[in-house]
Amino acid sequence: MFSQALLTRADSITRHLETVFLFTKNDIRTTLIPVTIFALSAAPKHDPTRAWHAALWIWFHLLQFNIANQIQDPEEDRKNKPSRPIPAGRISVDSAADMRWVMVPVCLMLSLWYGTQALLASTVFAALTIWYNELHGDKMGLSKNVLTAILYGCLEVGGTVAASPRNSHIDKVGMLAAALSSTVFATTLHAQDFKDEEGDRLTGRRTLPTIFPKAARFSMMFGIPLWSLGLSRIWKIDALSTTAFVVYGAFVGTRFVMYNTVGADKQSCKFYSLWYSLGHLLPGYWRFFYGA
């Protein structure tokens, strides 16, 4: 009887852990991995053993945001993303809402361990999460881009601090890297909206692809290779690597104009995520070859 109860308890814990993971599953490739790469690349002192610190800090804050986002319109998720925990029936909206607010002090306490910069990043992240979700800052394309970029920047700053020795501070190079990354994201993140354009039109959500469908696609074709060149020049990348990065950026940007089916947009978004992740390596290149 005891072993049966133990197995039942273990199954219950496993199910709860799986439910928590599912809140962030879709953002592992688009957010967790790229930001962790950025944190290790931008950290003033390179220490690969700190990777799990960065990933943990980023994931906890990503969980806070995703729960807040997914309790806003569960009916839409039932139609478009039924595998998420709430529409899948793994957790109720009320329980998820309780968990959402518990995550705020949890993230703040975790950040306190890493120092004042991480705590500040966590505080700003929590405030902007409320603005984006509870105050519906995501309803307009421009404000959505700006808010998302700043939220992303908070993840990068906090992750970079966590990737450094305890109570370290980000230097000017790290802050420049975070500022550039956030700006690039603000001007290109609608790459992730093309695949959801039809659903966004049906629900009335205003994104750049729904407001300016053609202009948004052409902005990818020109913006991504231009950013590739600009970032390569800023971080003093060698000519061969610069050429490869610009050519790949041109390939990614051109895809959004040439192929506009839902399936093609999903594939283009994957190529975009890889391009953005490659851009996160550039500060590390500069530190290796030009840093003190």
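Residues numbered from 1 in each chain as written. Predicted model: local features only at pLDDT ≥ 70, side-chain atom pairs only at ≥ 80, totals over all residues. Heavy atoms only, no water.

Q: Would you mind going over the packing of helix α3 (residues 51-70) against helix α6 (residues 116-132) in detail, with residue names and values included?
A: Put simply, α3 and α6 touch, their axes get as near as 10 Å, and they point 15° apart. Classified by the angle between their axes, α3 and α6 sit roughly parallel to one another. Crossing of α3 over α6 shows right-handed handedness. Along the contact surface, α3 presents W57, H61, Q64, F65, A68 and N69, while α6 presents A118, A121, S122, F125, A126, T129 and Y132. (Axes fitted to C-alpha atoms, helices over the stretch in contact; angles between N-to-C directions. Helix = DSSP H or I, 4+ residues; strand = E, 2+ residues; numbered from the N terminus. Parallel < 35°, antiparallel > 145°, perpendicular 65-115°, else oblique. Left-handed = near helix turned anticlockwise from the far one by under 90°. Contact = heavy atoms within 4.5 Å.)

Q: Just give me the short version of empty space enclosed by the protein, but keep the residues and values in it.
A: The full count for this structure, using the stated rule, is one cavity of 30 Å³ or more. As a volume, the largest cavity reaches approximately 100 Å³. Together, 13 residues line the largest cavity, and L180, S181, L231, G279 and H280 are the ones closest to its centre. (1 Å grid on protein atoms, 1.4 Å probe; cavity = no way out; pocket = protein on both sides within 12 Å on 5 of 7 lines; lining within 4 Å. Points joined across faces, edges and corners; volume = space filled by probe spheres on them.)

Q: Please give an account of the packing of aromatic side chains that cites residues and values.
A: When we look at a pair of aromatic rings, we describe it by the centre distance and by the angle of the planes. On inspection of all chains with the given rule, the structure shows 16 aromatic pairs. Centre to centre, the rings of Y285 and F289 are 4.6 Å apart; their planes meet at 45°, and the pair counts as tilted. Linking Y285 with F289, this pair stays in helix α14 (residues 282-290), spanning four residues, or about one helical turn. Grouped by ring-pair contacts, the aromatic residues Y152, F185, F245, Y272, W275 and Y276 constitute a single cluster. Positioned above the aromatic ring of W101 is the side chain of R100, whose terminal nitrogen or guanidinium carbon lies 3.8 Å from the ring centre. Against the face of Y290 rests K236, its NZ or CZ located 5.3 Å from the ring centre. (Phe/Tyr/Trp six-rings, centres within 6.5 Å; stacked < 30°, edge-to-face > 60°. Lys NZ or Arg CZ within 6 Å of the ring centre and 35° of its normal.)

Q: Tell me about unusual backbone geometry, and please be specific about residues and values.
A: Non-glycine residue H136 carries a positive phi angle of around 60°. Phi is positive for K236, which is not a glycine, with a value near 55°. By the element assignment, K236 lies in the loop between α11 (213-234) and α12 (239-258).

Q: Which residues make up the nonpolar core, and what are the values?
A: In this structure, W57, W235, Y272 and W275 are the most contacted members of the largest nonpolar core, which totals 59 residues. In contact with Y272, not counting residues within four places along its chain, are F185, T188, L189, A191, Q192, I224, V252 and F256. (Core = buried A, V, L, I, M, F, W, Y, C linked by side-chain atoms within 4.5 Å. Buried < 20%, exposed > 50% of the residue type's maximum accessible area, 1.4 Å probe, protein only.)

Q: Describe the environment of T24, naming the residues involved and giving the relevant values.
A: Looking at the element boundaries, T24 is found in helix α1 (residues 2-24). T24 gets classed as buried once you look at its relative accessible area, which sits at 0%. Among residues more than four places away in sequence, those in contact with T24 are W59, L62, L63 and N66.

Q: An account of helix α5 (residues 93-114) is requested, with residue identities and associated values reported.
A: A rise of 1.5 Å per residue sets the reference length of α5, with its 22 residues, at 32 Å; its end C-alpha atoms lie 32 Å apart and thus fit the reference within 8%. Considered for burial, the residues of α5 that qualify are A96, R100, M103, V104, C107, L110, S111 and Y114. Looking one or two places after α5, you find G115, whose phi comes out positive at around 115°. (Expected span 1.5 Å × (residues − 1).)

Q: Let's hear about the pattern of salt bridges: which residues, and what values?
A: Pairs can form between side chains of opposite charge whenever their charged atoms are close. On inspection of all chains with the given rule, the structure shows four salt bridges. Of the charged contacts, one joins R217 and D265 as a salt bridge, the two residues approaching to 2.9 Å between their closest N and O atoms. Taken together, the residues R217 in helix α11 and D265 in helix α13 (residues 262-280) connect sequence positions 48 residues apart. Here R217 falls in the buried class, since its relative accessible area comes to 10%. (Salt bridge = Lys/Arg side-chain N within 4 Å of Asp/Glu carboxyl O.)

Q: Account for the layout of surface pockets, with residues named and values stated.
A: Summary: where empty space remains is shown by rolling a probe the size of a single water molecule over the atoms. Volume-wise, the largest pocket comes out at about 1,500 Å³. Lining the largest pocket are 43 residues, and of these K81, R84, Q192, K195 and D196 sit closest to its centre. Mapped onto the lining of the largest pocket, the elements with two or more residues apiece are α2 (28-42), α3, α4 (74-80), α6, α7 (141-163), α9 (197-203) and α13. Across the lining of the largest pocket, the residue classes tally to twelve nonpolar, 13 polar and 18 charged. Space inside the second largest pocket adds up to approximately 160 Å³. Residue lining of the second largest pocket: Q117, L120, A121, V124, A149, I150, G153, C154, V157, M175 and S182, and that is the complete set. Put simply, the parts of the chain that give the lining of the second largest pocket at least two residues each are α6, α7 and α8 (172-188). Each residue belonging to the lining of the second largest pocket can be placed in one class, and the counts come to eight nonpolar, three polar and no charged. (Nonpolar A, V, L, I, M, F, W, Y, C, P; charged D, E, K, R; others polar.)

Keep in mind these numbers describe shape, not what the thing actually does.
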